Amino acid sequence: MKIREHYSLKALNTFGLDAKARYFCTLHKLSGVRTLMAWQQEHPDLPLLFLGGGSNMLFVNDYPGLVVQVRLETLEVLGQDTDYHYVRAGAGNNWHEFVRWTIDQGFAGLENLSLIPGTVGAAPMQNIGAYGVELKDHVYEVQALDWRTAEIRDFSVEECRFAYRDSYFKSVEPERWLIVAVVFRLPRQPQWKTDYAGVQEQLDGKVLDARSISDAIIHIRQSKLPDPAEIGNAGSFFKNPLISVAQWESLKAQFPAMPGWPQQQAVKISAGWLIDQCGWKGQREGDAGTHIKHALVLVNHGNASGTELWAFAQRIIASVQDKFGVTLEPEPRVL
Ligand SMILES: Cc1cc2nc3c(=O)[nH]c(=O)nc-3n(C[C@H](O)[C@H](O)[C@H](O)COP(=O)(O)OP(=O)(O)OC[C@H]3O[C@@H](n4cnc5c(N)ncnc54)[C@H](O)[C@@H]3O)c2cc1C
């Protein structure tokens, strides 16, 4: 396995930032893990970073350790029982291509998650979600390799501790577990989720199935979200905050138009709305800015550095804190 030095990550992150990895390699086969572990023992102080498609990362600095690009690309149908089809996808598969492959097999369940950038292996990290569906709704188990022992463990959905944009792998033990594959269970009697804004309209007059819903979602996403190939971004930059019911009631009294969605003993509020109210939508400082249509999407207009983007994000965080007393948290990994 070739380990490169001072390797540019510019083409490997969707902000298009020219950060350098001190060391870099691509993992195509699991057999390469032992080689990497041996190499790491000779460099014990270097940090380790797993990289999928780089669509949920902001590189503020060069990365001082070893970046392992995960390209394990196996794909297989495991079988079925009375309720589900089971498929296993290697971590390195492109997420959207995998979703379309399941549809080609005649399987449903993942159609609402069409066109999310990135890889299968990163999807459990933040329990990706869109248009009323989250990854956890269709996961059977996550297969992950313990970087301390090289043993593979199967994590059940409960063990993954999936939550809103969160998981065990993201919050409890990052970098200990290399996700090698995800096993999905896809319902034989699908329940279509088409009540999200705009989806029904796209489906009018069409046969309702996984492919038509996937096509509708692709159409909506392409018309609304900036394409990283045209303008650098990582999708939503901030998580929707969860606040207490008491704080929600107090804010709602001051700002009656504020949208909110009750959760268990909390209320989820819209980060995009808060940012928009502070006047940040479409703002730009140098090449760092927010998207003209989406206050929530931080964009690189060309040559912004990671430091500039992060400083811009922090000004947004400060002004939302100031006006609403709510602390925004970034959704991507800031490195
Ligand atoms: C235009 C755009 C739209 C988006 N829309 C959505 C959306 O609708 N919903 C949503 O949830 N997200 C969305 N995202 C965010 C992003 O696409 C997802 O978080 C995606 O799952 C990231 O995949 P990736 O392979 O690019 O991960 P990366 O950015 O490479 O990595 C993300 C994290 O996962 C870790 N990681 C990656 N692979 C592995 C592995 N095999 N094992 C262990 N750890 C690993 C990394 O170390 C890092 O911590 C969007 C991003 C963009 C640019």
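Analysis parameters
- Residues numbered from 1 in each chain as written.
- Predicted model: local features only at pLDDT ≥ 70, side-chain atom pairs only at ≥ 80, totals over all residues.
- Heavy atoms only, no water.
- Pairing = 2+ DSSP bridges.
- Helix = DSSP H or I, 4+ residues; strand = E, 2+ residues; numbered from the N terminus.
- Axes fitted to C-alpha atoms, helices over the stretch in contact; angles between N-to-C directions.
- Contact = heavy atoms within 4.5 Å.
- UniProt positions renumbered as here; feature names shortened; annotations may be inferred.
- Near = heavy atom within 4 Å.
- Polar contact = N/O pair within 3.5 Å; in protein donor to acceptor, adjacent residues only side chain to side chain.
- Areas by Shrake-Rupley, 256 points an atom, 1.4 Å probe, with all protein chains shown as cover.
- Nonpolar A, V, L, I, M, F, W, Y, C, P; charged D, E, K, R; others polar.
- 1 Å grid on protein atoms, 1.4 Å probe; cavity = no way out; pocket = protein on both sides within 12 Å on 5 of 7 lines; lining within 4 Å.
- Points joined across faces, edges and corners; volume = space filled by probe spheres on them.
- Buried < 20%, exposed > 50% of the residue type's maximum accessible area, 1.4 Å probe, protein only.
- Domains from an automatic or database assignment.
- Buried area = accessible area lost by both parts, 1.4 Å probe.
- Salt bridge = Lys/Arg side-chain N within 4 Å of Asp/Glu carboxyl O.

## A few points about the sheet that holds strand β3 (residues 48-51)
So, point 1. Read from one edge to the other, the open sheet built from four strands follows the order β1-β2-β5-β3, with strand pairing classed as mixed. At either margin of the open sheet sits one strand with a lone partner, and together these are β1 (4-8) and β3. Neighbour-to-neighbour, the strand axes of the sheet open up by a mean angle of 45°, direction not taken into account.
So, point 2. For β1 and strand β2 (residues 20-27), the ladder comprises four bridges, and the chain directions are antiparallel. Looking at the pairing, R4 lines up with F24 of β2.
So, point 3. Contacts from helix α1 (residues 32-42) reach β2, β3 and β5 (63-70) within the one sheet, and its direction differs from that of β2 by about 155°.

## What about the pairing of strand β6 (residues 75-80)?
So, point 1. Taken together, the five bridges between β6 and strand β7 (residues 84-90) define a ladder with antiparallel strand orientation. For L75, the partnering residue across the bridge sits in β7 and is A89.
So, point 2. The hairpin formed by β6 and β7 contains three residues between the paired strands.

## Thoughts on the UniProt feature "domain: FAD-binding PCMH-type" (unreviewed entry) in the protein
So, point 1. The UniProt record marks residues 15-189 with the feature "domain: FAD-binding PCMH-type" (unreviewed entry), using the residue numbering of this structure.
So, point 2. When the span residues 15-189 is considered, its composition is 17% helix and 36% strand, and the gap between its end C-alpha atoms is 39 Å.

## A look at the site of the ligand
So, point 1. In the vicinity of the ligand there are 36 residues, among which F50, G52, G53, S55 and T119 approach most closely.
So, point 2. Taking N56, its main chain carries an N or O atom lying 2.8 Å from an oxygen atom of the ligand.
So, point 3. G129 is positioned such that a nitrogen or oxygen atom in its backbone is 2.8 Å from a nitrogen atom of the ligand.
So, point 4. Considering the ligand on its own, with 980 Å² of exposed area, one finds that the protein chains cover 95% of that surface.
So, point 5. For the shell around the ligand, the secondary-structure elements that each account for two or more residues are β3, β8 (129-130), β12 (177-187) and β13 (232-236).
So, point 6. Grouping the constituent residues of the shell around the ligand by class yields 19 nonpolar, 13 polar and four charged.

## Considerations on the layout of surface pockets
So, point 1. Empty space within the second largest pocket amounts to approximately 200 Å³.
So, point 2. Taken together, Y164, K239, N240, P241, L242, I243, Q247, G325, V326, T327, L328 and E329 make up the full set of residues lining the second largest pocket.
So, point 3. Taken together, the residues of the lining of the second largest pocket sort by class into six nonpolar, four polar and two charged.

## Digging into helix α2 (residues 95-104)
So, point 1. For α2, the tally of buried residues reaches seven of 10 residues, placing the bulk of the element in the interior.
So, point 2. When we look at burial in α2, the residues that qualify are W95, H96, F98, V99, R100, T102 and I103.
So, point 3. On its buried face, α2 sits against β6, β7, β12 and α6 (210-224).
So, point 4. With a side-chain oxygen lying 3.1 Å from the backbone nitrogen of H96, the N-terminal cap of α2 falls on N94.
So, point 5. Once α2 finishes, G106 follows within two positions and takes phi at roughly 90°, a positive value.

## What about unusual backbone geometry?
So, point 1. With phi around 65°, L115 is a residue other than glycine that occupies positive phi space.
So, point 2. Positionally, L115 belongs in the loop between α2 and β8.
So, point 3. The phi dihedral of R165 is positive, around 50°, even though this residue is not glycine.

## Some points on the domain arrangement of the protein
So, point 1. Annotation of the protein at the domain level lists domain 1 (4-70), domain 2 (75-224) and domain 3 (232-334).
So, point 2. Averaged C-alpha coordinates put domain 1 and domain 3 at centres separated by 29 Å.
So, point 3. Each partner contributes to the interface: domain 1 provides 11 residues, whereas domain 3 provides 16 residues.
So, point 4. Interface of domain 1 and domain 3: buried area, both sides summed, is about 1,100 Å²; carbon and sulfur atoms make up 60% of it.
So, point 5. On the domain 1 side of the contact with domain 3, F15, N56 and L58 bury the most area, a combined 54% of that side's loss.
So, point 6. Inspection of the domain 1/domain 3 interface yields zero salt bridges.
So, point 7. Between domain 1 and domain 3 we count four residue pairs in polar contact (both at pLDDT 80 or more) in total.
So, point 8. Broken down by class, the residue content of the side of domain 1 that touches domain 3 amounts to seven nonpolar, four polar and no charged.

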